[in-house]
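# Secondary and tertiary structure notes
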Amino acid sequence: MLAKPDQANQPKLLVDGLAKSYGPAVALKPTHLAVEPGEFLTLLGPSGSGKTTLLQMVSGLVAPTQGRLFIDGRDETQTPVHKRDIGLVFQHYALFPHLTVAENIGFPLKMRGLSSADIQKQVAGALEMVQLGHLAGRFPRELSGGQQQRVALARCFVYKPAIILMDEPLGALDKKLREHMQFEIKDLHRKTGATIIYVTHDQEEALALSDRICLMNHARVEQIGPPHEIYARPRTAFAADFIGISNIFRGRVECGADGATHLATASGRLRIDGDNLANDAEMALVVRPEHIELGSAGENEVRGNVAEIVYAGSETRLLVEVAADERVTVRVLPGKPLPKLGENITLSWKPEAAVLVTP
Ligand SMILES: Nc1ncnc2c1ncn2[C@@H]1O[C@H](COP(=O)(O)OP(=O)(O)O)[C@@H](O)[C@H]1O
Ligand SMILES: [Mg+2]
């Protein structure tokens, strides 16, 4: 249980044990989460991990099976969707086809009873924010996918909801446009200070945008933290594998009589450190490609044949077969010498570059 929110320093959003089942199927196990004012939190995870379910319960579109939800310290669990101060942006823009761009953006303001002078002013500001001033009079069908999504963003940001929820808002766009829109969303976040909960299954998008990532798997939170922490200190093999490229050596713990601990893996015995490791426990050692060096270093090393050399522009990736069906990815920066295909090489890393995780 999280502490009850106190009046002064309370989170914008507190998810207190929210859970959802559909009959016997568990869509989300009891989940606790606090989102700070102005934070950009991303729910990241594979398809079916419960991201949309959690977001929809925050929006009020889906009623929880159990748990409570607080916004600014108020219990809003029973508040209907239209009374929650929340903005939504989904993958499919759902603009009104019969309204112009300016009318679409002004719609939520009109619903809230603002004067037409105020609406005009705020719509102009929002149009400028997403650089669509010149298209104010167009209809949605006269816009590209990216432009339509920018209108949807402007329509959401314009009325300054307490919390903005976005469910894969860039999912329908091609890669280049998606990257461009990521910058726009980040920029909007900076300019408005909005609290944003963003859903994606794209780990690069999550790393690029978020203050914190809430990594989800099998209907629960796997790990939550700032992008650099989840990348550098994953707690499970799933987290290491889902975010970035990982080399994962699975094996069993061998506690030596001399106090030294090793992991017996298919690629050899690797030195590990850790408290309370049980002899014979299954664990995994994670080493990121950029931490692996070519050549011997004494202790933390494996040998294998170069199976693949992949040129990726800013780097070259080597795939080295260190055991049957086990390949290690190594990053080599431009200008560094490359081994030959099939060559038998030694790979090593510094002890502090390896992270011990549960398998
Ligand atoms: N209306 C529903 N009825 C039954 N099962 C559902 C419903 N909505 C979601 N689920 C199930 O809940 C799980 C989580 O779904 P969802 O939250 O949509 O995942 P994600 O957004 O991470 O892809 C999935 O197994 C999905 O099939
Ligand atoms: Mg979803």
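Residues numbered from 1 in each chain as written. Chains lettered and ligands numbered in written order. Predicted model: local features only at pLDDT ≥ 70, side-chain atom pairs only at ≥ 80, totals over all residues. Heavy atoms only, no water.

## Here we look at the site of ligand 1
The environment of ligand 1 is formed by Tyr22, Ala27, Pro46, Ser47, Gly48, Ser49, Gly50, Lys51, Thr52 and Thr53. In this structure, glycine 50 approaches ligand 1 through a main-chain N or O atom, which is 3.0 Å from an oxygen atom. Measuring from an oxygen atom of ligand 1, one finds a side-chain N or O atom of lysine 51 at 2.8 Å. Surface burial for ligand 1 is 57%, taken as the share of its 560 Å² of free accessible area covered by protein chains. In terms of residue count, the dominant contributor to the shell around ligand 1 is helix α1 (residues 51–59) (three residues). (Near = heavy atom within 4 Å. Polar contact = N/O pair within 3.5 Å; in protein donor to acceptor, adjacent residues only side chain to side chain. Areas by Shrake-Rupley, 256 points an atom, 1.4 Å probe, with all protein chains shown as cover. Helix = DSSP H or I, 4+ residues; strand = E, 2+ residues; numbered from the N terminus.)

## Brief notes about the side chain of asparagine 104
Take asparagine 104: it is sitting in helix α2 (residues 101–111). Of the polar contacts made by the side chain of asparagine 104, one reaches the backbone oxygen of leucine 99; its length is 3.1 Å. When neighbours within four sequence positions are excluded, asparagine 104 is seen to be in contact with Leu95, Phe96, Leu99, Pro140, Val151 and Arg155. (Contact = heavy atoms within 4.5 Å.)

## Side note on the sheet that holds strand β16 (residues 301–311)
If you trace the five strands from one edge of the open sheet to the other, you get β15-β19-β16-β17-β18, paired in antiparallel fashion. Where the open sheet ends on each side, the last strands, each with one partner, are β15 (293–294) and β18 (326–332). In this structure, strand β17 (residues 316–323) lies alongside β18, joined through seven bridges in antiparallel fashion. Residue pairing across strands places leucine 318 opposite valine 330, the latter belonging to β18. (Pairing = 2+ DSSP bridges.)

## Quick look at α2
Every buried residue of α2 is listed here: Val101, Asn104, Ile105, Gly106, Pro108 and Leu109. Here the buried face of α2 lies against α3 (116–129) and α4 (145–157). Where α2 terminates, the next one or two residues include glycine 113, which has phi positive at roughly 80°. (Buried < 20%, exposed > 50% of the residue type's maximum accessible area, 1.4 Å probe, protein only.)

## So, the sheet that holds strand β13 (residues 268–272)
As summarised here, the arrangement of the five strands in space is β13-β12-β11-β14-β20, forming an open sheet in which the pairing is antiparallel. The open sheet terminates on both sides in strands that have one partner only, identified here as β13 and β20 (354–357). Averaged over all adjacent pairs, the angle separating strand axes in this sheet is 40°, with direction ignored. When strand β11 (residues 247–255) meets strand β12 (residues 261–265), the two strands line up antiparallel, connected through five bridges. Looking across to β12, one finds that glycine 251 is bridged to threonine 265. (Axes fitted to C-alpha atoms, helices over the stretch in contact; angles between N-to-C directions.)

## What to know about the pairing of β13
Inspection of the sheet shows β12 paired to β13 by five bridges, in the antiparallel sense. Residue pairing in the sheet places alanine 264 in a bridge with arginine 269 of β13. Where β12 folds back onto β13 in an antiparallel hairpin, the turn is made up of two residues.

## Observations regarding the pattern of salt bridges
Applying the stated rule across the entire model yields 17 salt bridges. Linking aspartate 187 and lysine 191 is a salt bridge whose minimum nitrogen-to-oxygen distance equals 2.9 Å. Here the residue aspartate 187 and the residue lysine 191 both occupy positions in helix α5 (residues 175–192), the gap between them amounting to four residues, near one helical turn. By relative accessible area, lysine 191 is classed as exposed at 51%. Among the ionic pairs, arginine 220 bridges to glutamate 222, the shortest N-O distance being 3.3 Å. (Salt bridge = Lys/Arg side-chain N within 4 Å of Asp/Glu carboxyl O.)

## A word on the nonpolar core
Of all hydrophobic cores here, the largest spans 34 residues; its most connected members are Ile105, Leu153, Phe157, Met166, Ile196 and Tyr198. Counting only elements with at least two residues in this core, the list comes to α2, α3, α4, β7 (163–167), α5 and β8 (195–200). Top element by residues in this core is α4. It accounts for six residues. What isoleucine 196 contacts, discounting residues up to four positions off in sequence, is Glu39, Phe40, Leu41, Phe157, Ile164, Met166 and His189. Formed by 23 residues, the second largest nonpolar core is a distinct cluster that contains Leu55, Val62, Leu165 and Ile197. (Core = buried A, V, L, I, M, F, W, Y, C linked by side-chain atoms within 4.5 Å.)

## Focus on a nonpolar patch on the surface
A cluster of nonpolar residues, Ile309, Leu338 and Leu341, forms a patch on the protein surface that exposes about 280 Å² of accessible area. Summarising the element assignment, isoleucine 309 is placed in strand β16. (Patch = residues over 30% accessible without salt bridge, like charges linked within 9 Å, V, L, I, M, F, W, Y side chains within 5 Å.)

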